[in-house]
Amino acid sequence: MARLESVQWRLLALVCADALSYVFAVVVVATITAVPISLAVGGGFGGAKVVLFFAGFLLLAYATVRLWPSSPEEVSGRSTDAADAIGLSASPTGSNETRFQRFARALPPARWVESPPPDRELSSAGKLFWSSLGVLLISYLMETMFGVV
């Protein structure tokens, strides 16, 4: 019993490391894109905060649409997996890895650990959902912690 639990915790850690690397990559790319563009057009850091805010909500909307079930069978309750129950289902194919996902896996913490099994990793839509929350968090922190108006 203890062996099974340790395997589950290890799998959870691998999935979280993979997802955190993806979130970090999206947040950094969004921030590195928003700040120079805003500075170039005269918006300053306040403009970058607004761009990140809208980009975060656009990513959130896109991820929500991608997470939405496409058929009644997907929500019939057959799945007992907790990730499936909240809409963050495991990636069905696992082999559809994009260049951006390879880039994200090259970043810490995913570069320090092995990748989760393809059938158990978080779907790209699930990673994008968490990434959108990360982008919104950066926009929020720019306003509250750093006083960007």
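To be clear, the structure that these remarks concern was listed above.
What you see is a predicted model; the values in this text were computed from it and never measured.

Student: Quick rundown of the pattern of salt bridges? Include the residues and the values.
Tutor: Tallying each qualifying case throughout the model produces 5 salt bridges. For Glu114, the salt bridge is made with Arg10, and the minimal N-O distance between the two is 2.9 Å. In this pair, Glu114 sits in the loop between helix H4 (99–105) and helix H5 (124–144) while Arg10 sits in helix H1 (residues 2–40), placing the two residues 104 residues apart along the sequence. Ionic pairing is found between Glu143 and Lys49, a salt bridge with its closest N-O pair at 3.4 Å. Of this pair, Glu143 sits in helix H5 while Lys49 sits in helix H2 (residues 44–67), and the two are 94 residues apart along the sequence. The exposure class of Lys49 is buried, given its relative accessible area of 11%. A cluster of three or more residues bridged by salt bridges with shared partners is formed by Asp18, Arg105, Glu121 and Lys127.

Student: With reference to specific residues and values, describe the environment of Pro118.
Tutor: Positionally, Pro118 belongs in the loop between H4 and H5. Distance from Pro118 to Glu97, taken between C-alpha atoms, is 9.8 Å for residues 21 residues apart in sequence.

Student: Outline the packing of aromatic side chains, listing residues and values.
Tutor: Inspection of every chain in the model, using the stated rule, returns 5 aromatic pairs. Between Phe53 and Phe57, the ring centres sit 4.9 Å apart and the planes meet at 70°, which makes this aromatic pair edge-to-face. In this pair, Phe53 and Phe57 both sit in helix H2, 4 residues apart, roughly one turn of the helix. Taking 5.5 Å as the distance between ring centres and 80° as the angle between the ring planes, the aromatic pair formed by Phe129 and Trp130 counts as edge-to-face. For Trp130, a relative accessible area of 40% gives the class partly exposed.

Cut-off values and rules
- All chains use their own residue numbering, which begins from 1 and follows the written sequence.
- Owing to the predicted nature of the model, reporting of local features is limited to residues with pLDDT of at least 70; listing and counting of side-chain atom pairs is limited to 80 or more, with chain, interface and lining totals taken over all residues.
- For the side-chain quantities, the full set of heavy atoms in the structure was used; hydrogens and water were omitted.
- Salt bridges, as used here, are contacts in which a Lys or Arg side-chain nitrogen is within 4 Å of a carboxyl oxygen on Asp or Glu.
- Counting from the N terminus, the helices are the DSSP runs of H or I reaching at least four residues and the strands are the DSSP runs of E reaching at least two.
- The buried label applies to any residue whose accessible area, calculated with a 1.4 Å probe on protein chains only, is under 20% of its type's maximum; exposed applies above 50%, and partly exposed to all values in between.
- By convention, a stacked pair of Phe, Tyr or Trp rings (six-membered ring in the case of Trp) has centres within 6.5 Å and planes under 30 degrees apart, an edge-to-face pair has planes over 60 apart, and any other such pair is tilted.

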